[in-house]
Amino acid sequence: MPSPASSSRKAGSAVTRTALPKAAAPKFLSASQLPPHPTSSWTAVRVTEEFPEALGLCVRTEGVLDYDYRHREFRTDLDASAVQLTVVTGTAAQAEALAKHYDDLIRTCADRIEESSPDVDAEGRDYGTLPVEEGAHVRGLNTETSGGATDIALLSVGRDDRTVTVVKWGEMCDFVNAPVTAFKKTTITAVNKLY
């Protein structure tokens, strides 16, 4: 039979046990931190707990561990749109692998589009890496349909420790009009702002 002292120690340890604090969720870009639109302002939609369909053309969840996805979409009054995805993995090594996987998907996106849609010409461009936290990579994708519709997307993948973020900006235009310098600044802000 346990002594009264041992019983009180057990009871005391149960009383003083507290739950570990939940890690802070990564922060998102605000509308003012996107590349400025010449004729319309950006509006930010609330953060949603799921993978964004807006990334589905190039970035997918197939072959990836079942992480918790959060995203925020942005809109203008005209034809420009943007989205930011954040994914918190279990370890920095998992995040590094996920960031590479997403970047590989974006790098090969133009070829996959042309294979699946013969009436679409697609071209990808590499705009290089950015020295922010554990790094970020910026790429561009231009698509033109046989009917003449032209769209441009700028996409970036960045990482801070075990968190990965993907940012996409898109508009009906071509590489000539793409705000690459401003998008690089947006990417740096997105990665720095995570925590």
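Look above for the structure.
Residues numbered from 1 in each chain as written. Predicted model: local features only at pLDDT ≥ 70, side-chain atom pairs only at ≥ 80, totals over all residues. Heavy atoms only, no water.

## Considering unusual backbone geometry
Thinking step 1. A positive phi angle is found at Glu133, which is not glycine, with a value near 45 degrees.
Thinking step 2. Accessibility expressed as a relative area gives 44% for Glu133, which makes it partly exposed.
Thinking step 3. You will see that Asp161, though not glycine, has its phi angle at about 55 degrees, which is positive. (Buried < 20%, exposed > 50% of the residue type's maximum accessible area, 1.4 Å probe, protein only.)

## Description of the state of the cysteines
Thinking step 1. Applying the stated criterion to the full structure yields one disulfide.
Thinking step 2. Across a sulfur-sulfur distance of 2.0 Å, Cys58 and Cys109 are joined as a disulfide pair. Judged by the sign of its S-S torsion, about -85 degrees, the bond between Cys58 and Cys109 is left-handed. Here Cys58 is found in the loop between strand E1 (43–44) and strand E2 (69–75), whereas its partner Cys109 is found in helix H3 (residues 109–116), with 51 residues between them in sequence. Judged on exposure class, the residue Cys58 and its partner Cys109 are both buried. (Disulfide = S-S within 2.5 Å. Helix = DSSP H or I, 4+ residues; strand = E, 2+ residues; numbered from the N terminus.)

## Structural notes on the nonpolar core
Within soluble globular proteins, side chains that are nonpolar generally end up buried alongside one another.
Thinking step 1. Counting residues in hydrophobic clusters, the biggest one holds 27 residues, and the most contacted among them are Leu55, Val59, Tyr69, Leu85, Tyr102 and Leu141.
Thinking step 2. Elements that contribute at least two residues to this core include exactly strand E3 (81–88), helix H2 (92–107), H3, strand E4 (120–130), strand E6 (150–160) and strand E7 (163–171).
Thinking step 3. Broken down by element, this core gets its largest block of residues, six residues, from H2.
Thinking step 4. Judged by nonpolar contacts, the second largest core, of 23 residues, contains Leu130, Leu154, Val167 and Val191. (Core = buried A, V, L, I, M, F, W, Y, C linked by side-chain atoms within 4.5 Å.)

## Some words on a negative patch on the surface
Thinking step 1. Judged by side-chain charge, Asp111, Glu114, Glu115, Asp119, Asp121, Glu144 and Asp174 come together as a negatively charged surface patch.
Thinking step 2. Tallying contributions element by element places H3 first for the negative patch, with three residues.
Thinking step 3. Note that Asp119 resides in the loop between H3 and E4. (Patch = residues over 30% accessible without salt bridge, like charges linked within 9 Å, V, L, I, M, F, W, Y side chains within 5 Å. Areas by Shrake-Rupley, 256 points an atom, 1.4 Å probe, with all protein chains shown as cover. Salt bridge = Lys/Arg side-chain N within 4 Å of Asp/Glu carboxyl O. Lys, Arg positive; Asp, Glu negative; His and termini not counted. Charge placed at Lys NZ, Arg CZ, Asp CG, Glu CD.)

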